[in-house]
Amino acid sequence: MMLSWKQWILLSLIGCLGDELLLRGPVFVREPSSTMVPVGSEDKRVTLNCEARGNPSPHYRWQLNGSDLDLSGGHRYTLRGGDLVVAGPSRERDAGTYQCFATNSLGTIVSREARLQFAYLENLKTTQRSAVSVREGQGVVLLCGPPPHAGELSYAWIFNEYPSFVEEDSRRFISQETGHLYIAKVEPSDVGNYTCLVSSVVTAARVLGSPTPLVLRADGVMGEYEPKIEVQFPETLPAAKGATVRLECFALGNPVPRISWRRGDGRPFPGKVTLRKFSAVLEVPSFQQEDAGPYECVAENARGRNVARGRLTYYAKPHWVQLIKDVETAVGDSLHWPCRASGKPRPSYRWLKNGEALVLEARTQIENGALTVANLSVADSGMFQCVAENKHGRVYSGAELKVLASAPDFSRTPMRKLVRAQVGSEVGLDCRPRAAPRALASWKRGAVTVQDDGRISFSQDGGLRIANVTKADTGTYTCFAENQFGRANGSTHLLVTEPTRITVAPSNLDVSVGESVVLPCQVRHDPLLDIVFTWYFNGAPADFRKDGSHVEKAGGSSSGDLMIRNIQLQHSGKYECVVQSGVDSVSSAADLVVRGSPGPPEHVAVEEVTDTTAQLSWKEGTDNHSPVTSYSVQARTPFSVGWQTAATVPEVIDGKTRTATVVALNPWVEYEFRVVASNTIGGGEPSLPSEKVRTEEAAPDVPPSEVSGGGGSRSELVITWDPVPEELQNGEGFGYVVAFRPLGVSTWIQTVVTSPDAPRYVFRNESIVPFSPYEVKVGVYNNKGEGPFSPVARVFSAEEEPTAAPSQVSANSLSSSEIEVSWNAVPWKLSNGRLLGYEVRYWSGAEEGSSRRVTVAAGRTSARLRGLNSRQEYHAAVRAYNSAGAGPFSATVNATTRKTPPSQPPGNVVWNATDRKVLLRWERVRAMENESEVYYRASGQDHAQVLSTNETSAELLLPVREGYVVQVRATTQGGDGASSEPVRIPRIPGLDARGSTSTMAKVHPVSSCLPMVLLCVLRALWW
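Residues numbered from 1 in each chain as written. Predicted model: local features only at pLDDT ≥ 70, side-chain atom pairs only at ≥ 80, totals over all residues. Heavy atoms only, no water.

**What about the overall build of the chain?**
The condition is simple: Secondary structure follows DSSP: runs of H or I at least 4 residues long count as helices, runs of E at least 2 residues long count as strands, and numbering of each begins at the N terminus. As defined in this context, the radius of gyration uses C-alpha atoms, and a globule is described by 2.2 Å times the residue total to the power 0.38. By definition in these notes, contact holds between two residues if any of their heavy atoms fall within 4.5 Å. Think of it this way: Lys and Arg go in the positive column, Asp and Glu in the negative one, and His and the chain ends go nowhere. Charged groups are reduced to one reference atom each: NZ for lysine, CZ for arginine, CG for aspartic acid, CD for glutamic acid.
The helix and strand tally for the chain stands at two helices and 92 strands. Taken over C-alpha atoms, the radius of gyration comes to 60 Å for the chain, far larger than the 31 Å a tight globule of 1023 residues would show. Once the C-alpha set of the chain is aligned to its principal axes, its extents read approximately 160 × 125 × 80 Å. Contacts spanning at least 24 positions in sequence make up 66% of the contacts within the chain whose residues lie at least 6 apart. Put simply, the chain has 106 plus and 109 minus side-chain charges, and the middle of one group is 4 Å from the middle of the other.

Written out as structure tokens, the structure reads:
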């Protein structure tokens, strides 16, 4: 085929730059859309969008009504990228249809059409309207013709004065098609002035018509008459696909007519259809072809009926069924480019090339939208668009046609350097250079031309196929490719090897949970090849990292054994060993069955419940490859500690049974149940709990325990017990029946305690003899009846509190912080009960209201009051008490605590010793005004000798063969004072020794100097 010089230049450009720069024709990213702007927007801007991608980047131009816009020098039209910006848009100059053209070196595409419209609303005529005179009960129509306008309008009516608007109802209707006001039946309240208000939906402008007076005639009331339909839809109304269709229907009449709708073909309305404005408007959203057909509006009242009929017809703008796609083909080929769209009416097709109408010629045809071009040349390359259109609209689909002409080239599709094949297999050697038109291929092995001999064959795409390959086929194969534009070649080396074979394959295994197994996989392979072992588990590659604690590979270069330790249920399945080399792949599979304890049973349900039983059913869970041998049932209540094994019938539930009756349940208790399956491996996981159920009520069967009593106040009999737990109350309305009688009496006295949590009952009666024996028992009941009584217990009535006060009460001060109170015991008889003890009440000064108390047991007749303040008078009184209460207080006695003992220890203690005695000296202790005078006191202690003296020295007859520790302290009637520091007298080997304390006591000033008594304490030290 001969090419022109232009085609040769284009061929060279494509060959040099096409692959490097990845040239792409323009493709729209955004296209302009129709828009409407208000008239009077001269101070604003309108932007029509247009954006395309391509390489090189496209440039843009625009057309208005088929003529190019001058975008070079004016300020009204400017480009922002590909967008067209219209400054100060004008209805007279700028209204119309716009299209955007995007162009680069590969071609041009044109956008869809976009209309720029201007919305406006002119004034209504303001001529005075004459009054409309009607009779009461008559229907009337008030007219409101729309003024000149563009854009959607809405209508409303003002009654008398703004903002009093006419409210629509079953009697009044405002048509949004005509703007008229329809009153089905005029009433006296309708008399007044009516003004039509027209609004622009786009601009929000509003205009008013002239008022129309409505007056009543004086010649009587209009009688009843049949409906007269004044508002009805056209006989044929086209409706677009996807649009919302509104049909209006309203009738005048007396009585006010009722409006209803139906389809003329009897079909029901779909659920999407809605009625508005008291059924005067039928709305069909998202209109589809099945919504087309006859529609009827029926208006009826007591005087008759009338019907309006019309038909909705369906139309659809074209929409794509099959878009055209980019095509890359070679010179000389033929092109069949399908393009299909749907629409109603059926769309017609035309094609554009680079934004211009495609010129049809002998080799170029359009049939059913498809473009056919024979004997393609490079000059046929460019941007093509298929346009589908009907009277309702048009759509564009664009794509690029590249017609290539190039010599064979292996740079983009190089041949494989090495091809491996095993002996006896079939191998294919590819030869697919990039060439336009397709290149013819021939092959050589080394320097020898390869011939088609049956075992060796050539494929249509130039490839070479060798069947039943042998070692002798090893070698280098070269493919030579040629077309009218040139020649090229590429080579592949073929390596033939022995096949890989599995010598030890995995076998089926049957194991239990916890065991360890090895699945062998060993092979024999060609030594020239490296092999890879891969294990698959249930068809997916085994993840050894995820399950590394159980599964790992084992073996050498020719072994891929799989070891599974401590096997678990999840390891059960199909294992496949796949061995791959560079030439072939072999595999072997085995099934591993892991038997374990059963899975949880499923769908546990409670079928029937009585007061003590529940009928259960369940379904078998997974048996984990070991049949279920038995089931057990567990129960749980709000009162139980976790799950407990329940008694059942049958007692032993075999593995084939799926039902059981749980027995020995407590009435009126909420239960949950679960089932556990067992097999020879062991017990499995429990099922999910059943739904909570409550057993039926029954009379109680458990009496309270620990029935006892006693104590209380005079004339009381106190009876106590441990309340019955809620789970044993067996129903609602639970309470206690308390029965008692004096010992020896046959008749029981009974009373009812209604609280289920009550632990005691107190019977009060003045006739009760104190501390007299009674027999008592406590029973139970609920709404279902009475239950048993507890065993009879013996209790005593309340004791009588003491009546006499203790006598001979006295108080004696013991020290600066203690007073002892003494008394004689009160007379007491055993028949009066048990005397528990005495209570001593004491206080200081006049603070009787803040008195304190101490108690002692009944056998004691004195009590010490401790923690008192020194040199303070205290008052005390004593009374006896028992379980019934306390008796009267004794007469009040008083005593004053003594002064506090000296706070300073004797100071400067010195000693002088001979072989038989020790002489001690110290400084006198001087008492403060608030401290007691010093006096003598002798005492003895374990392992100690005590010497009292009234002087500041003492002579101790002690053998000095032993060591001693001596302390000196003052003692008074208020108690012992502080001790001096210990004085150590060591064992003296010689005749004379002397010593003193390490420090001297400080001397404090005193207001008086009193005689003192000193106490010397000596303790032997054993050396």
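From this point on, the discussion continues.
**Side note on the sheet that holds strand β7 (residues 77–80)**
Applicable threshold: By the convention used here, strands pair only if DSSP detects at least 2 bridges between them. Each axis is a line fitted through C-alpha atoms, taken for helices only over the stretch in contact, and angles between the N-to-C directions span 0 to 180 degrees.
Read from one edge to the other, the open sheet built from three strands follows the order β3-β8-β7, with strand pairing classed as antiparallel. Across the chains shown, the open sheet's two edge strands, defined by having one partner strand only, are β3 (45–48) and β7. Across the sheet, the mean angle separating the axes of adjacent strands is 25° when strand polarity is ignored.

**Re the pattern of salt bridges**
The condition is simple: Counted as salt bridges are all cases of a side-chain nitrogen of Lys or Arg within 4 Å of a carboxyl oxygen of Asp or Glu. The cut-offs for exposure are 20% and 50% of the maximum accessible area for each residue type, with area from a 1.4 Å probe on protein chains only; residues under the lower value are buried, those over the upper are exposed, and the others partly exposed.
Under the defined criterion, the tally for this structure stands at 42 salt bridges. With a shortest N-O distance of 3.3 Å, Arg432 and Asp461 are connected by a salt bridge. Here the residue Arg432 occupies a position in the loop between β41 (427–429) and β42 (434–436), and Asp461 occupies one in the loop between β45 (456–458) and β46 (464–466), the gap between them amounting to 29 residues. Residue classification places Arg432 among the partly exposed positions, given a relative accessible area of 49%. Classification of Asp461 by relative accessible area gives partly exposed; the value is 36%. Residues Glu552 and Arg565 are paired through a salt bridge, measuring 2.1 Å at the closest nitrogen-oxygen approach. With Glu552 in strand β55 (residues 551–554) and Arg565 in the loop between β56 (561–564) and β57 (573–580), this pair connects stretches of sequence that are 13 residues apart. When salt bridges that share partners are traced, they join Glu113, Arg350, Glu389 and Arg394 into one network.

**Section: the state of the cysteines**
Heads up, the condition is: Disulfide assignment relies on a single distance test, namely cysteine sulfur atoms paired within 2.5 Å.
As enumerated under the stated definition, the model contains six disulfides in all. Across the disulfide from Cys50 sits Cys100; the S-S distance is 2.0 Å. Torsion about the S-S bond of the Cys50 and Cys100 cystine: about -75°, corresponding to left-handed handedness. You can see Cys50 sitting in the loop between β3 and β4 (51–55) and its partner Cys100 sitting in strand β9 (residues 96–104), a full 50 residues away along the chain.

**A closer look at the nonpolar core**
Inclusion rule: Only buried residues count toward a nonpolar core, which is a set of Ala, Val, Leu, Ile, Met, Phe, Trp, Tyr and Cys residues joined through side-chain atoms within 4.5 Å.
Within the largest apolar cluster, 21 residues are counted, with the highest numbers of intra-cluster contacts made by Val245, Leu247, Trp261, Phe287 and Cys297. Elements that contribute at least two residues to this core include exactly β23 (245–248), β25 (258–263), β27 (281–284), β28 (293–301) and β29 (304–322). Of the residues forming this core, the biggest block, four residues, is contributed by β29. Not counting chain neighbours up to four residues away, the residues in contact with Trp261 comprise Phe233, Leu247, Glu248, Cys249, Phe269, Leu275, Ser279, Ala280, Leu282, Glu296 and Cys297.

**What about the confidence of the model for the chain?**
Cut-off, in case you're wondering: Every residue gets a pLDDT, meaning the predictor's confidence in that residue, from 0 to 100.
Of the residues in the chain, 91% have a pLDDT of 70 or more, and the chain-wide mean is 87. Per-residue pLDDT stays below 50 along residues 1–20; that stretch engages in 20 contacts with residues further than four places along the chain or on separate chains. The low-confidence segment residues 998–1023, where pLDDT is below 50, has 88 contacts with residues more than four positions distant or belonging to other chains.

**Structural notes on the sheet that holds strand β80 (residues 862–865)**
The sheet built from three strands is open, its strands ordered β76-β77-β80 with antiparallel pairing. Here the strands that pair on one side only, and so sit at the sheet edges, are β76 (807–813) and β80. Each neighbouring strand pair of the sheet contributes to a mean axis angle of 15°, computed without reference to strand direction. Where β76 and strand β77 (residues 819–824) come together, five bridges link them in antiparallel fashion.

**A word on the packing of aromatic side chains**
Where we set the bar: Each Phe, Tyr or Trp ring, with Trp reduced to its six-membered ring, pairs with another whose centre is within 6.5 Å; inter-plane angles below 30 degrees give stacked pairs, above 60 give edge-to-face pairs, and intermediate values give tilted ones.
On inspection of all chains with the given rule, the structure shows 19 aromatic pairs. Seen in terms of ring centroids, Phe173 and Phe250 are 5.4 Å apart; in terms of plane orientation they differ by 20°. Their pairing is stacked. Pair noted here: Phe173 is in strand β16 (residues 172–174) and Phe250 is in strand β24 (residues 250–254), with a separation of 77 residues, a long-range link. Its relative accessible area of 3% is what places Phe250 among the buried residues. Ring centres of Phe269 and Tyr295 lie 5.9 Å apart, and the angle between their planes is 20°; this geometry places the pair in the stacked category.

**Focus on the side chain of Thr897**
Using the following cut-off: Here a polar contact is recorded for every N or O atom pair within 3.5 Å, except that within protein the pair must consist of a potential hydrogen donor and a potential acceptor, and residues adjacent in sequence are included only if both atoms are side-chain atoms.
Inspection of the secondary structure puts Thr897 in the loop between β83 (893–896) and β84 (910–913). Owing to a relative accessible area of 4%, Thr897 belongs among the buried residues under this scheme. At 2.9 Å, the side chain of Thr897 forms a polar contact with the backbone nitrogen of Arg871.

**A word on the side chain of Ser588**
Residue position: Ser588 is located in strand β58 (residues 585–595). Ser588 sits in the buried class, given a relative accessible area of 18%. Contact partners of Ser588, with chain neighbours within four places excluded, come to Ile502, Ala505, Pro506, Tyr575, Glu576 and Cys577.

**Comments concerning the environment of Asn193**
Mapped onto the elements of the fold, Asn193 is located in strand β18 (residues 192–200). Assessed through its relative accessible area of 34%, Asn193 is described here as partly exposed. Expressed as a C-alpha distance, the spacing of Asn193 and Phe159, which sit 34 residues apart in the sequence, is 5.9 Å. Those residues in contact with Asn193 that sit more than four places away from it in its chain are Ile158, Phe159, Asn160, Pro211, Thr212 and Pro213.

**Digging into the environment of Ala441**
Along the chain, the position of Ala441 falls in strand β43 (residues 440–445). Sequence-distant contacts of Ala441, that is, excluding residues within four places in its chain, are made with Cys431, Gly462, Cys479 and Phe480.

**Some thoughts on the pairing of strand β11 (residues 114–121)**
The element β11 is extensively covered by neighbouring structure, given that six of its eight residues are classed as buried. The pairing of strand β2 (residues 35–38) with β11 spans four bridges and is parallel. In the strand pairing of β11, Pro38 is matched with Ala119. By the bridge criterion, three bridges tie β9 to β11 in an arrangement that is antiparallel.

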